[in-house]
Amino acid sequence: MTDLERLAVGDELPPLVLPPISRTTLALFAGASGDHNPLHIDIDAARAAGESDVFAHGMLSMAYLGTLLTSHLAQSQLHTWTVRFVAKTPVHAQVTCRGTVRESHEEDGRRTVVLDITAALADGTTTLRGSATFRTDPTTEAGT
């Protein structure tokens, strides 16, 4: 785990590079999330809607961003997390999640760190863009 006290503006979390998203991944995520929208799992429905193929659930990429964040920072320190879905993630795409410290400061004995977070495809297309704010609790030791 990375200690919030040690993060400075411009620091980057190690990127999370995922394997290509398969149809199996989409089916398993549909079952786990309860989102059985046919645009994500049924090629005929996707084509009928004008798509060339199925595409990933936006929340799958958001889940990947959550994995990035909680792999490096304490989940208990996550204060806010927002994303904007800006492009579709096609089946077979490889997603890379990144986080960069935009802000880091201390106030009233509490460290606050704000990260800019993205999920992007191998061709550079950003599919999700957002931010996450982490805060230490002033009543406990930093990093616990």
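In the block above lies the structure referred to throughout.
Take the pattern of salt bridges next. Within this structure, the stated rule accounts for 5 salt bridges. Two residues, Arg23 and Asp53, come together in a salt bridge whose shortest N-O distance is 2.7 Å. Placement of Arg23 in helix α1 (residues 23–33) and of Asp53 in the loop between α2 (43–48) and α3 (58–72) is noted, with a sequence separation of 30 residues between them. A salt bridge links Arg111 to Glu106, with the nearest nitrogen and oxygen atoms 3.6 Å apart. Note on Arg111: relative accessible area 14%, which makes it buried. Given the relative accessible area of 47%, Glu106 is considered partly exposed. Through salt bridges that share partners, Glu5, Glu106 and Arg111 make up one connected network.

What follows covers the environment of Ile43. Along the chain, the position of Ile43 falls in helix α2. Through-space distance from the C-alpha of Ile43 to that of Phe55 is 9.2 Å; in sequence the pair is 12 residues apart. With sequence-adjacent residues up to four places away left out, Ile43 is seen in contact with Arg23, Asp53 and Val54.

With a phi angle near 80 degrees, His92 is a residue other than glycine that sits in the positive phi range. Relative to the assigned elements, His92 resides in the loop between β2 (78–85) and β3 (95–107). The class of His92 is exposed, set by a relative accessible area of 51%. One non-glycine residue, Asp108, lies in the positive phi region at around 55 degrees.

With 15 residues, α3 extends 22 Å between its outermost C-alpha atoms, agreeing within 8% with the 21 Å of an ideal straight helix rising 1.5 Å per residue. Among all positions in α3, only Leu60, Ser61, Met62, Tyr64, Leu65, Gly66, Leu68, Leu69 and His72 are buried. On its buried face, α3 is in contact with β1 (16–17), α1, β2, β3, β4 (110–121) and β5 (126–135).

Criteria and cut-off values
Residues numbered from 1 in each chain as written. Predicted model: local features only at pLDDT ≥ 70, side-chain atom pairs only at ≥ 80, totals over all residues. Heavy atoms only, no water. Salt bridge = Lys/Arg side-chain N within 4 Å of Asp/Glu carboxyl O. Helix = DSSP H or I, 4+ residues; strand = E, 2+ residues; numbered from the N terminus. Buried < 20%, exposed > 50% of the residue type's maximum accessible area, 1.4 Å probe, protein only. Contact = heavy atoms within 4.5 Å. Expected span 1.5 Å × (residues − 1).

Functional significance is not addressed by these values, which are geometric in nature.
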